[in-house]
Amino acid sequence: MVHALEEIHRLVKPAGILIDIHPVAEPSPVKIHQGEKIEPVGDLSVRQWCSDYQHADEALTEIKQRGLFMVEREAMFNSLTYYDSAAEMRTDWKEAIDKFARDAQSIDESAPQADAMAARAEELMQAAGNGAELVVGERVHISRLKPI
Amino acid sequence: MTIRTDPENNETRALSDIANFSGQHVLEIGCGDGRVTWLYADKAAHVTAIDPSAKLIVLASQELPSHLQDRVEFHNATFEDFATASKSSVFDIVILSWSLC
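Residues numbered from 1 in each chain as written. Chains lettered and ligands numbered in written order. Predicted model: local features only at pLDDT ≥ 70, side-chain atom pairs only at ≥ 80, totals over all residues.

Some thoughts on the overall build of chain B
The helix and strand inventory of chain B stands at 4 helices and 5 strands. The secondary structure elements of chain B, listed N-terminal to C-terminal, are β-α-β-α-β-α-β-α-β. The C-alpha atoms of chain B give a radius of gyration of 13 Å, which matches the 13 Å a tight globule of 101 residues would have. Its C-alpha atoms give chain B principal-axis dimensions of roughly 40 × 30 × 30 Å. In chain B, which comprises 101 residues, the share counted as buried stands at 41%. (Helix = DSSP H or I, 4+ residues; strand = E, 2+ residues; numbered from the N terminus. Rg over C-alpha atoms; globule rule 2.2 N^0.38 Å. Buried ≥ 20, exposed ≤ 12 C-beta atoms within 10 Å, placed from the backbone.)

Written as C-alpha cells, this is what we have:
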C-alpha cells in the first residue's frame, strides 16, 4: 500500500494532486426506508473491509510523515446504497466480501454476519410490504494531497 | 433489480469541491465499473482509468458515452503493472477510487 503511494508520487506531476476516497473503518447502518418511515435493521460490521480501510489510513499517515505528500484539503460525506430486496443486497455484499477476502488472501469471517443481517432484512422487508427499500450507509473520507 | 448508489450525489459534490478537473489529465486507480469516472470525466482533458477486474472494465467500457470515447481509456491492469510501464510526472490528478486497500 505504501509502495503504491510511492509510485503515485512518481506518476503525478509536481504541481498535480492525489485524491483519495475511501470509507471510514466503522460499521455501516442498514435501514429500511418506506416513504417517510425509516426502520433500522442493524449495523453491518465487515471485519475485512474495516481492517483494509484502517490500513489505508495508516499508509496515508506514513507517507505524510515521510514527507511525500501533504494534505491540502479533506472532507467527509455520506454514501447511501439503495436495494429493492434483501436478496439483491446479499448478492452485492457477497461479491464485495469475496473480493476483499481474495485480495487479502484470507478467509473472511464476516459472511455469516452478512447472511444473518440479510435474513433479518428479508423478514422486515416482507412485513413492510410494497415500496420499501433497503438502504446501507457509509461514511466516506475524501482528501486532496499535494506531492512534496 | 436496480442498485442505486449515492442518488443524492454527495460524492459528485465532494469531488467538485475538492478539485477542478477542467483540462486535467487524470489517472483513476480502481475505477471498477466506472461509477466514479462518470462523475468528473466530462470536465477532464483525458482520463486513464484502470482496474484489475476484467469483468468490471468490460462493464465500464460498455457504458462509455460516445462523446467521451476520445477522452476516456479503460485498461484492465493492476496498478503495479500499469506503474511499471508508465513514465514519471504525467498526470495532473491521480484518484484512488475506493481502492487504497
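As for the overall build of chain A
Along its length, chain A carries 4 helices and 5 strands. Mapped in sequence order, the helices and strands of chain A form the string α-β-β-β-α-β-α-α-β. Split into buried and exposed, the 148 residues of chain A put 32% on the buried side. Residue pairs in contact within chain A that sit at least 24 positions apart in sequence constitute 80% of those at least 6 positions apart. (Contact = placed C-beta atoms within 7 Å.)

A word on the environment of B:Thr37
Residues and elements named next belong to chain B. For Thr37, the location among the structural elements is in helix 2 (residues 37-40). Distance from Thr37 to Val26, taken between C-alpha atoms, is 9.9 Å for residues 11 residues apart in sequence. Not counting the four nearest positions on each side in its chain, Thr37 is found in contact with Glu28, Cys31, Val47, Ala49, Ala60 and Val72.

Remarks on the confidence of the model for chain B
For chain B, the mean per-residue pLDDT works out to 94, and 97% of the residues sit at or above 70. Listed scores for the predicted complex are pTM 0.88 and ipTM 0.94. (pLDDT = per-residue confidence, 0-100.)

Let's talk about the interface of chain B and chain A
Taken together, the contacts link 31 residues of chain B with 37 residues of chain A. For the side of chain B that touches chain A, the element with the highest residue contribution is strand 5 (residues 91-97) of chain B, accounting for 7 residues. Taken together, the residues of the side of chain B that touches chain A break down into 18 nonpolar, 7 polar and 6 charged. Where strand 1 (residues 12-23) of chain A and strand 5 of chain B come together, 6 bridges link them in parallel fashion. Bridging across to strand 5 of chain B, A:Asp20 finds its partner in B:Leu96. (Nonpolar A, V, L, I, M, F, W, Y, C, P; charged D, E, K, R; others polar. Pairing = 2+ DSSP bridges.)

Thoughts on helix 1 (residues 10-18) of chain B
Where helix 1 of chain B is concerned, the buried positions are B:Glu11, B:Ala14 and B:Leu15. Each buried residue of helix 1 of chain B sits inside an arc of 95° when the element is viewed along its axis, so together they form one side. Turning to helix 1 of chain B, the residues buried within the fold contact strand 4 (69-83) and strand 5 (133-147) of chain A together with helix 2 of chain B. (Arc of directions from axis to C-beta.)

Some details on the pairing of strand 4 (residues 72-76) of chain B
Residues and elements named next belong to chain B. Taken together, the 5 bridges between strand 3 (residues 46-51) and strand 4 define a ladder with parallel strand orientation. Looking across to strand 4, one finds that Ala49 is bridged to Phe74. For the crossover that starts at strand 3, traverses helix 3 (residues 54-63) and ends in the parallel strand 4, the hand is right-handed. (Right-handed = clockwise from strand over helix to strand, strands pointing away.)

What to know about the pairing of strand 5 of chain B
Residues and elements named next belong to chain B. Counting buried positions along strand 5 yields 7 of 7 residues, so the element is predominantly enclosed. Sheet topology note: the strand 2 (residues 25-29)/strand 5 ladder contains 4 bridges and is parallel. Within the sheet, the bridge partner assigned to Ile29 lies in strand 5 and is Leu96.

Observations regarding the nonpolar core
Formed by 45 residues in total, the largest nonpolar core has its most connected members in A:Leu18, A:Ile19, B:Val26, B:Ile93 and B:Val94. Beyond its immediate sequence surroundings of up to four residues, B:Val26 is in contact with B:Phe21, B:Ala44, B:Val47, B:Phe91, B:Asp92, B:Ile93 and B:Ile95. Formed by 16 residues, the second largest nonpolar core is a distinct cluster that contains A:Met89, A:Ile97, A:Met125 and A:Leu134. (Core = buried A, V, L, I, M, F, W, Y, C linked by C-beta atoms within 7 Å.)

Some remarks on the environment of B:His75
All names here are of chain B. Among the structural elements, His75 can be located in strand 4. Sequence separation between His75 and Ser22 is 53 residues; the distance between their C-alpha atoms is 22 Å. When neighbours within four sequence positions are excluded, His75 is seen to be in contact with Thr48, Ile50 and Phe82.

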